[in-house]
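The residues making up each chain are set out below.
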Amino acid sequence: MFRLLVTLAWLIFPSGENPPGALVGQWESAVRTPGGIGNILEFRPNGTMTQISAAMGEADYKLEGEWLRAFWKDPATGKVSEVDTRLEFEGDSRFLEKGEDGSGDTWSERVGEPVRGGSPLLGQWCSLYLETLPAYRAFTPDRMFNRLPMQVLRGRYAIAGDTLTVEISGQPPGQYPFRFENGLLVIKSRDGSEKKYKRPETALLKGF
């Protein structure tokens, strides 16, 4: 799992120093582990930030009658596999999801207001993974985004030139050189390796 950069500790901004607008907003790991694990960073204009370690996945999908057909692409091989689940809607605020063999029943609850027009799946939903972890999904007209937060840390950050400063629990503030490169945010870790982040296709966990 990637090294976590921030905690609940607070770092006060030097007087008159504000974070650059280019950094503000949400970023996610440009490269995930083979299991789909990565980090989501959100930098806010007031100097607060959140880092979420999460399992992430995206797929094209079609809703055909009661069947949700998701088409998952393996990033390593490019191979596409289809996963079909049967849906039973209860109004416009929840649905029951079953696998092809009728096992693994899962209820999903809508987050926010329904999206009028088009597929009843449009919008954001929350379910429980292994009956304990909240899992979130967002459906656009043709794309499905899955996010399973596993660890959420909050803190503050400061910028001085090309250095991002955060505070790690029980240690002095950590300093991480960073730069923007071809639309990516590149942060250098303590061990000298570089972690690359991109703007996400979905802001599903924005403000989480």
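To keep things clear, this report deals only with the structure shown in the data block. (Residues numbered from 1 in each chain as written. Predicted model: local features only at pLDDT ≥ 70, side-chain atom pairs only at ≥ 80, totals over all residues. Heavy atoms only, no water.)

Okay, the overall build of the protein chain next. Secondary structure summary: the protein chain contains zero helices and 15 strands in total. A buried classification covers 40% of the 208 residues belonging to the protein chain. In the protein chain, the share of contacts with a sequence separation of at least 24, taken over all contacts with a separation of at least 6, comes to 49%. Summing over all exposed atoms, the protein chain offers an accessible surface of approximately 11300 Å²; the carbon and sulfur share of this is 53%. (Helix = DSSP H or I, 4+ residues; strand = E, 2+ residues; numbered from the N terminus. Buried < 20%, exposed > 50% of the residue type's maximum accessible area, 1.4 Å probe, protein only. Contact = heavy atoms within 4.5 Å. Areas by Shrake-Rupley, 256 points an atom, 1.4 Å probe, with all protein chains shown as cover.)

As a further point, take unusual backbone geometry. Although it is not a glycine, N182 sits at a positive phi angle of roughly 55 degrees. One can find N182 in the loop between β13 (173–181) and β14 (184–188). Judged by its relative accessible area of 78%, N182 is exposed.

Rolled over the atoms, a probe sized like a water molecule indicates the empty space that remains. Reported here for the largest pocket is a volume of approximately 1300 Å³. M56, G57, E58, W72 and N146 are the residues nearest the centre of the largest pocket, which is lined by 47 residues in total. Where the lining of the largest pocket is concerned, the elements lending two or more residues are β3 (48–64), β4 (67–73), β5 (80–90), β6 (94–99), β8 (123–129), β9 (133–139) and β10 (143–156). Element by element, the count of residues in the lining of the largest pocket is highest for β3, at six residues. Classifying every residue of the lining of the largest pocket by side-chain character gives 21 nonpolar, twelve polar and 14 charged. (1 Å grid on protein atoms, 1.4 Å probe; cavity = no way out; pocket = protein on both sides within 12 Å on 5 of 7 lines; lining within 4 Å. Points joined across faces, edges and corners; volume = space filled by probe spheres on them. Nonpolar A, V, L, I, M, F, W, Y, C, P; charged D, E, K, R; others polar.)

What follows covers the nonpolar core. With 14 residues, the main nonpolar core has L23, F43, Y157, L164, L185 and I187 as its most contacted residues. If you list the elements that add at least two residues to this core, you get β2 (37–43), β12 (163–167), β13 and β14. Judged by nonpolar contacts, the second largest core, of eleven residues, contains Y61, L68, L122 and M144. (Core = buried A, V, L, I, M, F, W, Y, C linked by side-chain atoms within 4.5 Å.)

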